[in-house]
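# Examination of the molecular architecture
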Amino acid sequence: MPHDLVRYETHGAVATVTLNRPDVLNALTRPLLTALHDALHRAEADGCRCLVLTGEGRGFCAGQDLAEIRADYDGDGSPDLEALLREFYHPVVRGIRRLGMPVVAAINGVAAGAGLSLALACDFRIAIENARLTTAFTRIGLVPDAGMAWTLPRLVGVAQANRLVMRSQPVSADEALAIGLIDEVVAGDQFGSRVDTFASELAAGPTRAFVLSRKLQDEAATATLDTLLDLEAGAQLEAGRTADHRNAVSAFLEKRPPAFEGR
Ligand code: LHQ
């Protein structure tokens, strides 16, 4: 992994991936996005069962590093943002949505632009109480990217998504919770321990069922009911053949708590 643009640590079955450019609120550069993509694969290779994405310092992520792309605007003034997205952002977004374990965004501070997009691509969002969230894109004359036009309206509805994108005002953690943009707000002194507990609980869960559920719900976004019913039959066939399912049924019938192994 190049340098420590992204820190990767494991505790038990939880991988924590920390964006590590605190001086610029963890703004995203090409090398950082590559390192993030590598870290996702590493968590899978290590057999982890939950991944936490967070930021070093006072920010979660300020989106694309605008200084990095500035040079692209010299010359004829027509930067190829499509190539930047396709080559560096899209693999990360797909990597998160297809990761073989649940993913938690631990939003430790401001999240802006594609930084917010990354948080929205995760399965869960826990924010520190003083976090601010802003789409930021239209403020610099861009459209939402890194999947936000797909994730945002699914979380908060089209009207709120439209307001958040076109007005682009920062939203507090409390407002974000109220509109469904995030799942929890936690006081600063309890943030780390709450994230640890949340992630450990997920890591002790039925990992295959979690991942299949995410996939099914993503597919449902564009499927007809008939198509979705076919997809759910296939997913349930697979879930039904996991050891976790069989063991959990036995545990229920024997009136003891299940012990999931993620397979
Ligand atoms: C930054 C950044 C930053 C560089 C803070 N870059 N340095 C776009 C283009 C192409 C293709 C791919 O996709 C995208 C997606 C995008 O993400 S577009 C959106 C890009 N992000 C933004 O427009 C957000 C820009 N940042 C801000 O509006 C503010 O910094 C926020 C609201 C995030 C935080 O405000 P403050 O808490 O007041 O912090 P600050 O502004 O003082 O920032 C601290 C430092 O971080 C500062 O550097 P300095 O040397 O003065 O201490 C900023 O220049 C630097 N920084 N964001 N995106």
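Residues numbered from 1 in each chain as written. Predicted model: local features only at pLDDT ≥ 70, side-chain atom pairs only at ≥ 80, totals over all residues. Heavy atoms only, no water.

### Concerning the pairing of strand S3 (residues 50-55)
Stated formally: Partly exposed describes any residue whose relative accessible area lies between the buried limit of under 20% and the exposed limit of over 50%, with all areas from a 1.4 Å probe on protein chains only and scaled to the type maximum. Only runs of H or I of at least four residues qualify as helices and only runs of E of at least two qualify as strands under DSSP, and these elements are numbered from the N terminus. When DSSP locates at least two bridges between a pair of strands, those strands are taken to pair. Here is how to tell: hold the view so the strands point away, follow the path from the first strand over the helix to the second, and if it runs clockwise the crossover is right-handed.
Among the six residues of S3, six are classified as buried, and the element is accordingly described as predominantly covered. Alternating residues of S3 divide into Cys-50, Val-52 and Thr-54 and Leu-51, Leu-53 and Gly-55, and every residue in both groups is buried. Here strand S2 (residues 14-19) pairs with S3 via six bridges, running parallel. Counterpart to Thr-16 in the pairing with S3 is Val-52. The β-α-β motif built from S2, the intervening helix H1 (residues 30-45) and the parallel element S3 has right-handed crossover chirality. Two elements, S3 and strand S5 (residues 103-107), share four bridges in a ladder whose sense is parallel. Within S5, the position partnered with Leu-51 by the bridge is Val-103.

### Thoughts on helix H10 (residues 225-240)
Operational definition: To estimate the expected span of a helix, subtract one from its residue number and multiply by 1.5 Å. The directions from the helix axis to the C-beta atoms are what the arc is built from. Residues are treated as being in contact if the distance between any of their heavy atoms lies within 4.5 Å.
With 16 residues, H10 extends 22 Å from end C-alpha to end C-alpha; this agrees with the ideal 22 Å at 1.5 Å per step. Along H10, the residues that are buried comprise Leu-228, Ala-235 and Ala-239. Along the axis of H10, the buried residues cluster in a sector spanning 45 degrees; they form a single face. The exposed set on the far side of H10, more than 90 degrees from its buried face, consists of Asp-226 and Asp-230. As for H10, its buried residues are in contact with helix H9 (207-220) and helix H11 (243-253).

### Details of the site of the ligand
Defined as follows: The criterion for a residue being near a molecule or strand is simple. One of its heavy atoms has to lie within 4 Å of it. Polar contact criterion, stated in full: a pair of N or O atoms within 3.5 Å, where within protein one must be able to donate a hydrogen and the other to accept it, and residues adjacent in sequence count only if both atoms are side-chain atoms. The protein chains shown are the only cover counted for residues, whose accessible areas, like all others here, come from Shrake-Rupley with a 1.4 Å probe. Just so you know the grouping, Ala, Val, Leu, Ile, Met, Phe, Trp, Tyr, Cys and Pro go in nonpolar, Asp, Glu, Lys and Arg go in charged, and all remaining residues, Gly too, go in polar.
Neighbouring the ligand are 24 residues, the closest being Arg-58, Gln-64, Ala-114, Arg-132 and Asp-145. Interatomic distance of 2.8 Å between a side-chain N/O atom of Arg-132 and an oxygen atom of the ligand. Burial of the ligand by the surrounding chains reaches 65%, relative to a free accessible area of 1,000 Å². Looking at the shell around the ligand, the elements that each hand over two or more residues are helix H2 (66-70), helix H3 (81-97) and strand S6 (110-112). Broken down by element, the residue count for the shell around the ligand peaks at four residues, all from H3. By residue class, the composition of the shell around the ligand is 16 nonpolar, three polar and five charged.

### Some thoughts on the sheet that holds strand S9 (residues 171-172)
Backbone-to-backbone hydrogen bonds pair the strands of a sheet. The strands run either parallel or antiparallel. To keep it simple, the criterion reads: To define axes, lines are fitted to C-alpha atoms, for helices over the stretch in contact only, and angles between the resulting N-to-C directions are given on a 0 to 180 degree scale.
Taken in spatial order, the four strands make up an open sheet running S4-S6-S8-S9, and their pairing is mixed. Strands at the two margins of the open sheet, each flanked by one partner only, are strand S4 (59-61) and S9. Pairing between strand S8 (residues 132-134) and S9: two bridges, direction antiparallel. Following the sheet pairing, Leu-133 is matched in S9 by Val-171. In this fold helix H4 (residues 114-121) packs onto S4, S6 and S8, with an angle of close to 100 degrees to the strand it touches most, S6.

### Some thoughts on the environment of Val-171
Checked against the element boundaries, Val-171 lands in strand S9. When its relative accessible area of 2% is taken as the criterion, Val-171 is described as buried. Put simply, Val-171 and Thr-134 are 37 residues apart on the chain and 6.2 Å apart in space, counted from C-alpha to C-alpha. In contact with Val-171, not counting residues within four places along its chain, are Ala-131, Arg-132, Leu-133, Leu-164 and Ala-176.

### Here we look at the domain arrangement of the protein
To keep things clear, this is the line we draw: Throughout the structure description, domain borders are defined by an automatic or database domain assignment. Accessible area, probed at 1.4 Å, shrinks when two parts are joined; the buried area is that loss added up over both. The rule for a salt bridge is simple: a side-chain nitrogen of Lys or Arg has to be within 4 Å of a carboxyl oxygen of Asp or Glu.
Here the domain parsing of the protein yields domain 1 (6-203) and domain 2 (207-253). Once you take the C-alpha centre of each, domain 1 and domain 2 turn out to be 27 Å apart. Contacts between domain 1 and domain 2 engage 13 residues on the former and seven residues on the latter. Interface area, domain 1 with domain 2, both sides summed: about 820 Å², of which 44% is carbon and sulfur. Linking domain 1 with domain 2 are three salt bridges, by the criterion used here. Put simply, Asp-123 and Arg-214 hold a salt bridge, and the shortest N to O gap is 2.8 Å. Remark: the boundary between domain 1 and domain 2 carries seven residue pairs in polar contact (both at pLDDT 80 or more). Looking at the side of domain 1 that touches domain 2, the elements with two or more residues in it are H3 and helix H5 (148-156). Split into classes, the residues belonging to the side of domain 1 that touches domain 2 amount to seven nonpolar, one polar and five charged.

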